[in-house]
Amino acid sequence: MDFRNRWSSRIQSLPPYLFARIDEKKREAIARGMDIINLGIGDPDLPTLAPVVESAKKAVGKPEHHQYPSYEGMLSFREAVAGWYQRRFGVRLDPGKEVLGLIGSKEGIGHLPLAFVDPGDVVLVPEPGYPVYHAGTLFAGGTTHYMPILESNGYLPDLEAIPESVYRKTKIMFLNYPNNPTGASAPDDFFPRAIEKATRYGFILAHDAAYSEIYYDNRPPKSFLSYPGAKDVGIEFHSLSKTYNMTGWRVGFAVGNASVLAGLGMIKSNMDSGIFQALQEASITALSLPDATLAELRGLYQKRRDAFVPGLVRAGLRVTPPGASFYIWAGLPKGMSSEEATLLLLDKAGIVSTPGTGFGKSGEGYVRFALTVDERRLMEAVSRMEKLALFSGR
Ligand SMILES: *Cc1c(COP(=O)(O)O)cnc(C)c1O
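These numbers come from a predicted model, not from an experiment.

Calculation criteria
Residues numbered from 1 in each chain as written. Predicted model: local features only at pLDDT ≥ 70, side-chain atom pairs only at ≥ 80, totals over all residues. Heavy atoms only, no water. Phe/Tyr/Trp six-rings, centres within 6.5 Å; stacked < 30°, edge-to-face > 60°. Helix = DSSP H or I, 4+ residues; strand = E, 2+ residues; numbered from the N terminus. Buried < 20%, exposed > 50% of the residue type's maximum accessible area, 1.4 Å probe, protein only. Axes fitted to C-alpha atoms, helices over the stretch in contact; angles between N-to-C directions. Parallel < 35°, antiparallel > 145°, perpendicular 65-115°, else oblique. Contact = heavy atoms within 4.5 Å. Nonpolar A, V, L, I, M, F, W, Y, C, P; charged D, E, K, R; others polar. Domains from an automatic or database assignment. Buried area = accessible area lost by both parts, 1.4 Å probe. Salt bridge = Lys/Arg side-chain N within 4 Å of Asp/Glu carboxyl O. Polar contact = N/O pair within 3.5 Å; in protein donor to acceptor, adjacent residues only side chain to side chain. Pairing = 2+ DSSP bridges. Near = heavy atom within 4 Å. Areas by Shrake-Rupley, 256 points an atom, 1.4 Å probe, with all protein chains shown as cover. Core = buried A, V, L, I, M, F, W, Y, C linked by side-chain atoms within 4.5 Å.

Peer 1: How would you sum up the packing of aromatic side chains? Please name residues and give values.
Peer 2: Throughout the structure, instances matching the rule amount to 21 aromatic pairs. Geometrically, the ring pair formed by tyrosine 167 and phenylalanine 203 is stacked, given 6.0 Å between the ring centres and 0 degrees between the ring planes. Residue tyrosine 167 is found in helix H7 (residues 164-169), and its partner phenylalanine 203 is found in the loop between helix H8 (190-201) and strand E6 (204-208); the two are separated by 36 residues along the sequence. Here tyrosine 167 and phenylalanine 203 have matching classes, each one buried. Residues tyrosine 211 and phenylalanine 326 carry aromatic rings whose centres are separated by 5.4 Å and whose planes lie at 85 degrees to one another, so their mutual orientation is edge-to-face. You can see tyrosine 211 sitting in the loop between E6 and helix H9 (230-233) and its partner phenylalanine 326 sitting in the loop between helix H13 (291-314) and strand E9 (327-331), a full 115 residues away along the chain. Here the two residues tyrosine 211 and phenylalanine 326 agree in accessibility, since each one is buried. Put simply, the rings of Phe77, Trp84, Tyr85, Phe89 and Phe253 touch in pairs and so form one group of aromatic residues.

Written as structure tokens, this is what we have:
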């Protein structure tokens, strides 16, 4: 039997898989013997930091870690998170009720609407943006109201452009700075304005800070929770994935408003059973690493950024160097669509990129490159673009 025609309406209403055509083109290019440079995925190329791997090896052998973990995370893990927040952001958290372990932050982001959203409720979602905010909303039966984040507004949503009638139905607003895909950061006056709206209309502000540790020029982004009133209305998602090269391990956490975390915890206690404790122990090691270790990693991304961005500009693209994240959001020459550019890059130059439209319609006219290959390969990518005049020929 083929059950595809019995798929639930929530599955059927998922946006079309925009990357399918690119995947096919990529396979064709590989079959033609093309040397592919993959700048498509946001997955660090380097292995997990060595002390974390060592810690995990030891922890795996301990029988006390072999049973079901608690869904909210071991107290020692939550204490390590609280300690890290205090050191890094100067934000005080109660590890007892203001920290919740997650099986990767994607899990928590996807589950949050299930805890708070009913049919008829609205979730405000930045666009272009990480696709999980909409998918979680859809699965909960809610309605997504997209907030365009445009270059002309510093890639911030225009909070005054959202109608009062929409705000009144809003249960959650998702925000994400440093931003994927644009690499933008939020200026100091932005979060207070968002907190004011959340307070006035009584919705949850859910800030995704997956890239807070991948920053440049020694300018660390602040936590959303360091702004006055933030903990009254919101939570912040974090992940060990990008910070410690741990995407495969699936460890993240949410911190902030205790009643929001309790709601998310209700979903989790009924759907999953938490993070493997050995990984929590290794994560404690990660969160306790000296800052110099992370500074080294940031230095590496910074060298890549500083080599790649001027190269892209020479090749005819419009790029502002990001202040954080490992993404380069490149504006295309007038008249060239995101999809056209992505296919051209792959077909002619063997470069995998992500079309801006893969993150929402306001991504039209841009492509995203990830700095997840070494400098030599990044420069090879630039020289192919220049030689083929992919973006300067018109
Ligand atoms: C990578 C990413 C995440 C989630 O990562 P996890 O591995 O699930 O912790 C969340 N938000 C954004 C914007 C991301 O790019």
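Peer 1: Account for the packing of H13 against helix H15 (residues 375-387), with residues named and values stated.
Peer 2: Two packed helices can be described by the angle between their axes and the distance between those axes. Across the interface, H13 lies against H15 with an axial gap of 9 Å and an inter-helix angle of 0 degrees. By the angle class used here, H13 and H15 are roughly parallel. Counted together, Lys303, Arg304, Ala307, Phe308, Gly311, Leu312 and Arg314 of H13 and Glu375, Leu378, Met379, Val382, Met385 and Glu386 of H15 form the full contact between these two elements. Looking at the contact of H13 with H15, its residues break down into seven nonpolar, one polar and five charged.

Peer 1: Can you tell me about the domain arrangement of the protein, naming the residues and giving the values?
Peer 2: Looking at the assigned domains, one finds that the protein contains domain 1 (14-43 + 292-388) and domain 2 (50-287). With centres defined by C-alpha atoms, the gap from domain 1 to domain 2 works out at 26 Å. Together, Arg298, Trp329 and Phe359 form the three largest contributors to the area buried by domain 1 at its contact with domain 2, with a combined 23%. A salt bridge links arginine 305 to aspartate 217; the shortest N-O distance between them is 3.2 Å. Taken together, the connections running from domain 1 to domain 2 amount to 16 residue pairs in polar contact (both at pLDDT 80 or more).

Peer 1: Can you tell me about the sheet that holds E6, naming the residues and giving the values?
Peer 2: Spatially, the seven strands line up as an open sheet ordered E2-E8-E7-E6-E5-E3-E4, and their pairing is mixed. Looking at the sheet topology across the chains shown, the edges are occupied by strand E2 (99-102) and strand E4 (143-148). The average angle at which neighbouring strand axes cross in this sheet is 20 degrees, direction not considered. Pairing between E6 and strand E7 (residues 234-239): four bridges, direction parallel.

Peer 1: Describe in detail the site of the ligand, supporting the description with residues and values.
Peer 2: Not every one of the 13 residues close to the ligand is listed here, only the nearest: Asp208, Tyr211, Ser239, Ser241 and Lys242. Between an oxygen atom of the ligand and a side-chain N or O atom of tyrosine 211, the distance comes to 2.6 Å. Between the ligand and the protein, one listed contact pairs an oxygen atom with a side-chain N or O atom of lysine 242 at 3.2 Å. When the ligand is considered free in solution it has 380 Å² of accessible area, and contact with the protein chains removes 94% of it.

Peer 1: How would you sum up unusual backbone geometry? Please name residues and give values.
Peer 2: Looking along the chain, the bond that leaves glutamate 127 and enters proline 128 is cis, with omega of 5 degrees. Mapping proline 128 onto the fold places it in the loop between strand E3 (122-127) and helix H6 (132-139). Positive phi, close to 55 degrees, is recorded for asparagine 245, a residue that is not glycine. Relative to the elements of secondary structure, asparagine 245 occurs in the loop between helix H10 (240-243) and strand E8 (252-256). With a relative accessible area of 6%, asparagine 245 lands in the buried category. The backbone phi angle of serine 325 is positive, close to 80 degrees, even though this residue is not glycine.

Peer 1: How would you sum up the pattern of salt bridges? Please name residues and give values.
Peer 2: With the rule as written, the count across this model stands at 24 salt bridges. One salt bridge in this structure joins lysine 25 and aspartate 347, with 4.0 Å as the shortest N-O distance. One end of the pair, lysine 25, is in helix H2 (residues 20-31); the other, aspartate 347, is in helix H14 (residues 338-349), with 322 residues separating them in the sequence. Aspartate 347 sits in the partly exposed class, given a relative accessible area of 27%.

Peer 1: Kindly report on the packing of helix H5 (residues 105-116) against helix H11 (residues 258-271), identifying the contributing residues and their values.
Peer 2: The N-to-C vectors of H5 and H11 enclose an angle of 100 degrees; their axes lie 9 Å apart at closest approach. Judged by the angle between their axes, H5 and H11 are roughly perpendicular. Between H5 and H11, the residues in contact are Glu107, Gly108, His111, Leu112, Leu114, Ala115 and Phe116 and Ser259, Val260, Gly263, Leu264, Ile267, Lys268 and Met271, respectively. Residues that form the contact of H5 with H11 fall into these classes: eight nonpolar, four polar and two charged.

Peer 1: Lay out the nonpolar core with the relevant residues and their values.
Peer 2: Judged by nonpolar contacts, the single largest core of 53 residues is most densely connected at Tyr85, Met173, Leu175, Leu205, Tyr244 and Phe253. For this core, the element with the most residues is helix H4 (residues 75-89), which contributes seven residues. Ignoring sequence-local partners within four residues, the contact set of methionine 173 consists of Leu124, Met147, Leu159, Tyr167, Phe203, Ile204, Leu205 and Ala206. Core analysis: the next-biggest nonpolar cluster, separate from the first, contains 35 residues, Val309, Phe326, Ile328 and Ile351 among them.

Peer 1: Outline the sheet that holds strand E12 (residues 366-370), supporting the account with residue identities and numerical values.
Peer 2: Taken in spatial order, the three strands of this open sheet run E9-E12-E11, and their pairing is antiparallel. The sheet terminates laterally at E9 and strand E11 (354-355), the two strands that pair on one side only. In terms of strand pairing, E9 meets E12 through five bridges, oriented antiparallel. Along E12, the bridge assignment pairs tyrosine 327 with alanine 370. Sitting on the sheet, H13 touches E9 and E12, and the angle it makes with E9 is about 10 degrees.

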